[in-house]
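# Remarks on the overall topology
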Amino acid sequence: MRGWITWTGGFLACLLFGFMVVMFSLNSANSWGELLGIATFFTPICYLASIFTLFPYVRATSSGLVVANPDKIFRIPWRNIRELSAGHGLFVELTDGEKIFSFAFQASMIGRFLGYPGARRAVRKIEKVRAKGVSSGGGPDVDSVVPWRRHISFIMAFWVTFALIIPSLVRLP
C-alpha cells in the first residue's frame, strides 16, 4: 500500500527532470562535458525525489508486516505488533514499546485536516490480512535492513539515463 498522490508526484518529478535533460540535450551549444555536468546535477535530485516518494510502502503478508521507509525496510512478525495506529499518520507499536513510523503514510497538515484517510484505509486492509489467519512463525524478531543495492542501482540508473541514454538518443542524426 502506498500513498498514490505522493507516488504520482514523485513519478512526475522524475519525468520533469528527464524532460529537462532532453531540452538541454537538444541545444547543440551544450557540449558533452556540459551534459555530463547537467546529468550529475539532476541525478541526486531525482534520486532523492524518488526515494521519498516512489519507494515507501507498507505490505501485509501472512507472516507479518513489511514497512519500507527511505532509509530502512522493517520486517515485523505479527506476534511483535501490539497496535496499528492511523491517528497521526500510520505507525506500528511493537510489544517492546518501540514505534515504527511509515513514511508512505506520514503525518502532515493536510492529513490532520482530512483525518488521515489513506492511513486509516491502510490500517483496515492490514487488519483484514491479519484477521484472515496468519502463520505463527515469522522469524525470531523485528528485522531492519538498509537496502544498499537498491540505492546504488537507482543512482547508477538515473546517471546513466541522464548522462548517456537521453543525450545519445536526442542527438542521433
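Please refer to the structure placed before this passage.
The structure contained in this document is the topic of the report that follows. Sequence order as written defines the numbering, with residues in each chain counted from 1. Totals for whole chains, interfaces and linings use all residues, but because this is a predicted model, local features are given only for residues with pLDDT of at least 70 and pairs of side-chain atoms are given and counted only at 80 or more. Each side-chain value is derived from all of the structure's non-hydrogen atoms; neither hydrogens nor water enter the calculation.

### Details of the pattern of salt bridges
Salt bridges are defined by distance alone: a side-chain nitrogen of Lys or Arg within 4 Å of a carboxyl oxygen of Asp or Glu. One pass over the full model with this rule turns up one salt bridge. Across the salt bridge formed by Arg82 and Glu93, the nearest N and O atoms sit 3.1 Å from each other. Placement of Arg82 in strand S4 (residues 81–85) and of Glu93 in strand S5 (residues 91–94) is noted, with a sequence separation of 11 residues between them. The classification of residues rests on relative accessible area computed with a 1.4 Å probe and restricted to protein chains. Under 20% of the type maximum is buried, over 50% is exposed, and intermediate values are partly exposed. In this structure Glu93 comes out as buried when scored by relative accessible area, which is 15%. Each helix is a run of H or I in the DSSP string that is no shorter than four residues. Each strand is a run of E no shorter than two, and both are numbered from the N terminus.

### Re helix H4 (residues 117–131)
The span you would expect from a helix comes to 1.5 Å times its residue count less one. Its 15 residues give H4 an end-to-end C-alpha distance of 21 Å, which sits within 8% of 21 Å, the value for a rise of 1.5 Å per residue. Those residues of H4 that fall on the buried side of the exposure criterion are Ala119, Ala122, Val123 and Ile126. Looking straight down H4, one finds its buried side chains confined to an arc of 100°; they lie on one side. In H4, the exposed positions angled more than 90 degrees off the buried face are occupied by Lys128 and Ala131. To obtain the arc, one takes the directions from the helix axis to the C-beta atoms.

### Comments concerning the sheet that holds strand S7 (residues 143–145)
When DSSP finds two or more bridges between two strands, those strands count as paired. If you trace the four strands from one edge of the open sheet to the other, you get S1-S2-S3-S7, paired in antiparallel fashion. With one partner strand each, in any of the chains shown, strand S1 (57–60) and S7 form the two edges of the open sheet. Neighbour to neighbour, the strand axes of the sheet diverge by 10° on average, direction disregarded. Note on geometry: axes are C-alpha line fits, over the in-contact stretch for helices, and angles between N-to-C directions span 0 to 180 degrees.

### Structural notes on a negative patch on the surface
On the surface, a cluster of negative charge is made up of Asp96, Glu98, Asp141 and Asp143. Relative to the assigned elements, Glu98 resides in the loop between S5 and strand S6 (99–101). The patches described consist of residues with a relative accessible area above 30% and no salt bridge, like charges being joined within 9 Å and nonpolar side chains (Val, Leu, Ile, Met, Phe, Trp, Tyr) within 5 Å. Per-residue accessibility takes into account occlusion by the displayed protein chains alone, with areas from the Shrake-Rupley method and a 1.4 Å probe. Here the positive residues are Lys and Arg and the negative ones are Asp and Glu; neither His nor the chain ends is included. Where a charge sits is defined by one atom per residue type, namely NZ (Lys), CZ (Arg), CG (Asp) or CD (Glu).

### Let's talk about the packing of helix H1 (residues 4–26) against helix H2 (residues 32–53)
The contact between H1 and H2 brings their axes to 9 Å, and the two run at 175°. Classified by the angle their axes make, H1 and H2 are roughly antiparallel. Between H1, through Thr6, Trp7, Gly10, Cys14, Phe17, Met20, Val21, Phe24 and Ser25, and H2, the contact on the second element is made entirely by Leu35, Ile38, Phe42, Ile45, Cys46, Ala49, Ser50, Phe52 and Thr53. Residue classes follow a fixed rule: Ala, Val, Leu, Ile, Met, Phe, Trp, Tyr, Cys and Pro count as nonpolar, while Asp, Glu, Lys and Arg count as charged, and any other residue, Gly among them, counts as polar. For the contact of H1 with H2, the per-class residue count stands at 13 nonpolar, five polar and no charged. What sets the label is the angle itself: under 35 degrees gives roughly parallel, over 145 gives roughly antiparallel, 65 to 115 gives roughly perpendicular, and the rest give oblique. The contact rule is simple, with two residues in contact once any of their heavy atoms fall within 4.5 Å.

### Considering the pairing of S1
The pairing of S1 with strand S2 (residues 64–68) spans four bridges and is antiparallel. Paired with Tyr57 across the two strands is Ala68, which belongs to S2. The antiparallel pairing of S1 with S2 creates a hairpin that spans three residues between the two strands.

### With respect to the environment of Leu90
Take Leu90: it is sitting in the loop between S4 and S5. Sequence-wise, Leu90 and Gln106 are 16 residues apart; in three dimensions their C-alpha atoms are separated by 6.2 Å. Each residue touching Leu90, except ones within four places of it in the same chain, is listed here: Val58, Ser85, Ile100, Phe101, Ser102, Phe105, Ala119, Ala122, Val123 and Ile126.

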